[in-house]
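Here's the letter readout for the chains.
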Amino acid sequence: MPNENKKSELAEKFDIYYDKFKIYRDKVLILNNDSLEKTIAVALSLCFVCAVLVSFAAVALRPIQVHNKALDMKKNILDVAGLLDEGVDIDAAFSEKIEAKIVDMSTGEYVEGIDVAAYDQRKAAKDPAQSVKIPTAKDRASIKKKAKFAKVYLVKSGGAIQSIILPVHGYGLWSTMYGFLSLEADGQTVQSINFYDQAETPGLGGEVVNPNWRALWKGKKVYAESGEPTLGLIKGVVNNSKPGSEFQVDGLAGATITSTGVTNLVRYWMSNEGFAPYLNKVRTDG
Ligand SMILES: Cc1cc2nc3c(=O)[nH]c(=O)nc-3n(C[C@H](O)[C@H](O)[C@H](O)COP(=O)(O)O)c2cc1C
């Protein structure tokens, strides 16, 4: 009953506004086409109609945008895990093969009681309550702040970890490059890297997304015997027969600054400031 009342109230209001609109429309229509009043009225009406259409599109398309954004992130994670097969159902593959976890960056421990699916590490890094400032001397990746908690992804098989997928980011020449680094269960051997959000110059620094360059990372090692993150880009092409080449990846031609940015962000996120405490725990606890 109250719903029906509300409906008839709405219908009444609509009728009142529609009658007013008709009076206004008739007044405008009888005006001379060349008159200033008619020109302004037509322009304003057009603006109003366009504003309604744009607002409607923005509101109606929002859920689709949110879903597509989440889907794209899942695709990137499957890709860096080497699980993005042709024609795969992204949602199904992700929920079947990938386990997301929240890690406390100060201890490397898993954190319970947080809605993992809803947690957005990038948003958290911008929120003073959920982030910490990085002292300039330690800010190798030039990111100023980092979230207290990170969202990592695991691929498991028969209960054993196959891949540890870590979110990484850092500044290149023009942009902060956001990506994922995938490691084997030893927390030392690289499976893959990808950058899903960056604005370096296409053909120069933008080559960070080139599949041929990305393939060079497979099998490279992160930590030297001293425990120091040593993996990085060199100027030119790596001679794979030389000792130490396991820590080296080809630099991006004509993009030394982006290359240095990639080295810096990898070393930062693999250091004690980043995921080293977490990787130590994974190595000992599994
Ligand atoms: C239009 C333009 C775009 C550039 N984009 C990049 C870039 O994305 N990344 C980068 O490291 N250098 C870029 N550079 C080159 C840098 O300015 C700088 O010269 C270069 O990093 C030095 O690298 P090199 O020693 O390999 O020549 C760009 C230069 C120009 C003129």
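Higher on the page you've got the structure.
Rules of the game
- Residues numbered from 1 in each chain as written.
- Predicted model: local features only at pLDDT ≥ 70, side-chain atom pairs only at ≥ 80, totals over all residues.
- Heavy atoms only, no water.
- Helix = DSSP H or I, 4+ residues; strand = E, 2+ residues; numbered from the N terminus.
- Contact = heavy atoms within 4.5 Å.
- Polar contact = N/O pair within 3.5 Å; in protein donor to acceptor, adjacent residues only side chain to side chain.
- Phe/Tyr/Trp six-rings, centres within 6.5 Å; stacked < 30°, edge-to-face > 60°.
- Buried < 20%, exposed > 50% of the residue type's maximum accessible area, 1.4 Å probe, protein only.
- Lys NZ or Arg CZ within 6 Å of the ring centre and 35° of its normal.
- Pairing = 2+ DSSP bridges.
- Axes fitted to C-alpha atoms, helices over the stretch in contact; angles between N-to-C directions.
- Salt bridge = Lys/Arg side-chain N within 4 Å of Asp/Glu carboxyl O.

Trainee: What am I meant to see in the environment of S182 here?
Mentor: Note that S182 resides in strand 6 (residues 176-183). Among residues more than four places away in sequence, those in contact with S182 are V80, A81, S163, I164, I165, T189, V190, Q191 and S192. A polar contact of 3.4 Å, which involves the side chain of S182, links it to the backbone oxygen of V80.

Trainee: What am I meant to see in the packing of aromatic side chains here?
Mentor: Think of a pair of aromatic rings as described by two things: how far the centres are apart, and how the planes are tilted against each other in angle. In total, this model carries 11 aromatic pairs according to the counting rule given. Ring geometry for F275 against Y278: centres 6.5 Å apart, planes inclined by 70°, an arrangement best described as edge-to-face. Classification of F275 as buried rests on a relative accessible area of 0%. Stacked on the ring of Y110, the Lys or Arg K101 has its end atom at 4.6 Å from the ring centre.

Trainee: Where do I start with the sheet that holds strand 1 (residues 98-104) in this structure?
Mentor: Paired through their backbone hydrogen bonds, the strands of a sheet run either parallel or antiparallel. One open sheet accounts for five strands, arranged 1-4-5-6-7; its pairing is antiparallel. For this open sheet the edge positions go to strand 1 and strand 7 (190-197), each flanked by a neighbour on one side alone. Each strand of the sheet is rotated relative to its neighbour by a mean of 25°, with strand direction disregarded. Where strand 6 lies against strand 7, six bridges are found, and the strand directions are antiparallel. Counterpart to Y178 in the pairing with strand 7 is D197. Together, strand 5 (160-171), strand 6 and strand 7 form the strand contacts of helix 6 (residues 256-270), whose direction differs from that of strand 5 by roughly 130°. Sitting on the sheet, helix 7 (residues 276-285) is in contact with strand 1, strand 4 (149-157), strand 5 and strand 6, with an inclination near 175° to strand 5.

Trainee: Please clarify how the pattern of salt bridges should be interpreted in this entry.
Mentor: For side chains of opposite charge, pairing can occur when their charged atoms come near one another. Scanning the model with the defined rule gives 10 salt bridges in all. A salt bridge links D26 to R25; the shortest N-O distance between them is 3.4 Å. Looking at D26, the relative accessible area reads 39%, which means it is partly exposed. Under the relative-accessibility criterion, R25 is labelled partly exposed at 32%. Put simply, E99, K101 and K156 are held in one network by salt bridges that share partners.

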